[in-house]
Structure formats: C-alpha cells, structure tokens
Amino acid sequence: GINAEYGAPIMNKLGTYLHKAVPDMRLTIKKYADAKFEYLAYCLKIKEMDDEEYTFNSLDDPLPRVEEGNYEYRVVLRCRAQARAYFLQLRSDVRVKLQLLNSKHVQDLTDQLEKWTKVLLAYYEESAAISEKANVFPIDIDLSTVVDAQ
C-alpha cells in the first residue's frame with residue numbers, strides 16, 4: 001500500500017522548500033526592508049537639513065554648519081548614497097530570489113505531484129490485482145433475511 005517509503009521523499013522535498021528556502025527568503029526581505037528604512041531615514045534627514053538651511057536663509061541669518069563647511073550635510077549625503085546603493089542591490093536580490101523561488105516551487109510541486117500520481121497508480125494496480133485474486137464475487141445474500149429485519 002501507500003506507506004512512508006513513498007510519502008517520505010515527497011514530504012522531505014516539500015519540507016526543504018518550506019523550512020529552508022522560505023525562511024531564507026524572509027530573511028532577505030527583512031534585510032531589504034531594513035535597508036529601505038535606512039535609506040529613507042537619510043532622505044528625511046537631508047530634507048530636514050535643507051529646510052533648516054532654507055529657513056535660516058529666508059531670515060538672512062547664517063546657518064552655523066554652513067559657515068563651518070557644511071561637513072555634517074556632506075557626510076549625510078555620502079551615507080545616503082551608500083544606503084541607496086545597498087538598498088537597490090537588496091531590491092534586485094529580492095526580485096531575483098523571488099523569481100527563482102517561484103520557478104523552483106512550481107517545478108518541485110509539479111515533480112512531486114507526478115511522483116504522487118505514480119504512487120497512487122501503483123497502489124491502485126496493486127489493489128486491483130489483490131481484489132481479482134480474492135474472487136469473492138458474486139456474493140450470495142438471502143434477501144428474505146434482510147427484508148424481514150426491517
């Protein structure tokens with residue numbers, strides 16, 4: 001019949017997908033989300049610094065950091081550029097991994113369903129052979145005992 005001999009390899013293959021590939025994908029997506037958050041935080045910081053500079057300029061008041069060479073602003077710009085590059089790299093990685101994971105999942109699922117179909121076919125053929133050997137048909141039933149019981 002259908003036993004662990006047939007089902008275990010199928011379940012192991014699907015288990016590998018569920019317990020290794022999917023958690024790895026989740027980790028990659030988490031890294032991507034963290035990188036995106038970091039990049040957006042730098043964008044916000046630059047926007048705040050630009051607004052601060054605009055406010056000081058509109059009041060004809062010199063901004064101390066601008067007079068001192070605007071080092072902090074240049075550092076934040078450089079950090080934003082690095083964060084953007086990292087974010088874009090991770091976004092590409094997520095896209096590629098999702099495509100690979102999806103195609104692998106479809107292929108693996110197709111393969112496992114084909115194997116399962118073969119297992120069921122073998123089980124059916126084995127059951128049919130056993131039932132042909134049993135030769136229990138026709139079954140003699142005394143219908144009068146069945147009708148009287150009701």
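What you are looking at is a predicted structure, and each value in this text was computed from that prediction instead of being measured.

Student: How would you summarise the side chain of N70 if you had to cite specific residues and measurements?
Tutor: Its place among the elements puts N70 in the loop between α2 (64-67) and α3 (71-134). In contact with N70, other than residues within four places in its own chain, are E53 and R65.

Student: Provide a residue-level description of the packing of aromatic side chains, including the pertinent values.
Tutor: Within a pair of aromatic rings, the relevant descriptors are the distance that separates the centres and the angle that separates the planes. Inspection of every chain in the model, using the stated rule, returns two aromatic pairs. Relative to F87, the ring of Y32 has its centre 5.6 Å away and its plane inclined at 20°; by these criteria the two rings are stacked. Note that Y32 is positioned in helix α1 (residues 4-58) and F87 in helix α3, a separation of 55 residues in sequence. Residues Y32 and F87 agree in their burial class; the two are buried. Plain terms: the ring middles of Y39 and F87 are 5.5 Å apart, the flat faces sit at 10° to each other, and that makes the pair stacked. With a gap of 48 residues between them, Y39 in helix α1 and F87 in helix α3 connect regions that are remote in the sequence. Ring pairs connect the aromatic residues Y32, Y39 and F87, which therefore count as one cluster.

Student: How would you summarise the confidence of the model for the protein chain if you had to cite specific residues and measurements?
Tutor: In the predicted model, the protein chain carries a mean pLDDT of 84, and 89% of its residues have values of at least 70. Mean pLDDT across the elements of the protein chain ranges from a minimum in helix α4 (residues 143-149), with 67, to a maximum in α3, with 88.

Student: Which residues make up unusual backbone geometry, and what values do they have?
Tutor: Positive phi, normally seen in glycine, also occurs at D60, with a value near 55°. For D60, the position within the fold is in the loop between α1 and α2.

Student: Pulling in residues and values, what's your account of a negative patch on the surface?
Tutor: On the surface, a cluster of negative charge is made up of D60, D61, E67 and E68. Mapped onto the elements of the fold, E68 is located in the loop between α2 and α3.

Student: Talk me through a nonpolar patch on the surface; I want residue IDs and the actual numbers.
Tutor: A cluster of nonpolar side chains, contributed by I139, I141 and L143, occupies part of the molecular surface with about 340 Å² of accessible area. With respect to the helices and strands, I141 occurs in the loop between α3 and α4. For I141, a relative accessible area of 57% corresponds to the exposed category.

Student: Which residues make up α3, and what are the values?
Tutor: With 64 residues, α3 should cover 94 Å at 1.5 Å per step; its first-to-last C-alpha distance of 92 Å lies within 8% of that length. When α3 is considered as a whole, its buried residues turn out to be Y73, V76, A83, F87, L90, V94, L101, D108, Q112 and V119.

Student: Please provide a residue-by-residue account of the environment of D111, values included.
Tutor: Along the polypeptide, D111 turns up in helix α3. A sequence separation of 98 residues divides D111 from K13, and the C-alpha atoms of the two residues are 10.0 Å apart.

Student: Can you tell me about the nonpolar core, naming the residues and giving the values?
Tutor: Formed by Y17, V22, M25, Y32, A35, Y39, A83, F87, L90, V94 and L101, the largest nonpolar core amounts to 11 residues. Of all elements in the fold, only α1 and α3 reach the threshold of two or more residues within this core. For this core, the element with the most residues is α1, which contributes six residues.

Student: Tell me about a positive patch on the surface, and name the residues and values.
Tutor: There is a patch of like positive charges on the surface, built from K36, R84, R91 and R95. By residue number, the principal contributor to the positive patch is α3, which donates three residues. Mapped onto the secondary structure, R91 falls in helix α3.

How each quantity is defined
Each chain carries its own residue numbering, running from 1 in the direction its sequence is written. In view of the model being predicted, local features appear only for residues whose pLDDT reaches at least 70, and side-chain atom pairs are presented and counted only at 80 or more, with totals across whole chains, interfaces and linings using the full set of residues. Hydrogens and waters are ignored; side-chain quantities use all the structure's heavy atoms. Under the scheme used here, helices are H or I runs from DSSP no shorter than 4 residues and strands are E runs no shorter than 2 residues, and both carry numbers assigned from the N terminus. Every residue pair with non-hydrogen atoms within 4.5 Å of one another is taken to be in contact. Here a Phe, Tyr or Trp ring, Trp counted by its six-membered ring, pairs with any other such ring whose centre lies within 6.5 Å, and the pair is stacked when the planes are under 30 degrees apart, edge-to-face when over 60, and tilted otherwise. Exposed residues in this analysis have more than 50% of their type's maximum accessible area, buried residues have under 20%, and partly exposed residues fall in between, with area computed by a 1.4 Å probe over protein chains only. For every residue, the predictor reports its confidence as pLDDT, a number between 0 and 100. Patch membership needs two things, relative accessible area over 30% and no salt bridge, and members are linked within 9 Å if like-charged or within 5 Å if nonpolar (Val, Leu, Ile, Met, Phe, Trp, Tyr). Note on areas: Shrake-Rupley, 1.4 Å probe, and residue coverage restricted to the protein chains presented here. The salt bridge criterion pairs a side-chain nitrogen of Lys or Arg with a carboxyl oxygen of Asp or Glu, the two atoms within 4 Å. For the purpose of charge, His is not counted, nor are the chain termini; Lys and Arg are scored as positive and Asp and Glu as negative. Throughout, a charge is located at the NZ atom of Lys, the CZ atom of Arg, the CG atom of Asp or the CD atom of Glu. For a helix, the expected span equals 1.5 Å multiplied by the number of residues minus one. As used in this record, nonpolar core signifies buried Ala, Val, Leu, Ile, Met, Phe, Trp, Tyr and Cys residues forming a set joined through side-chain atoms within 4.5 Å.

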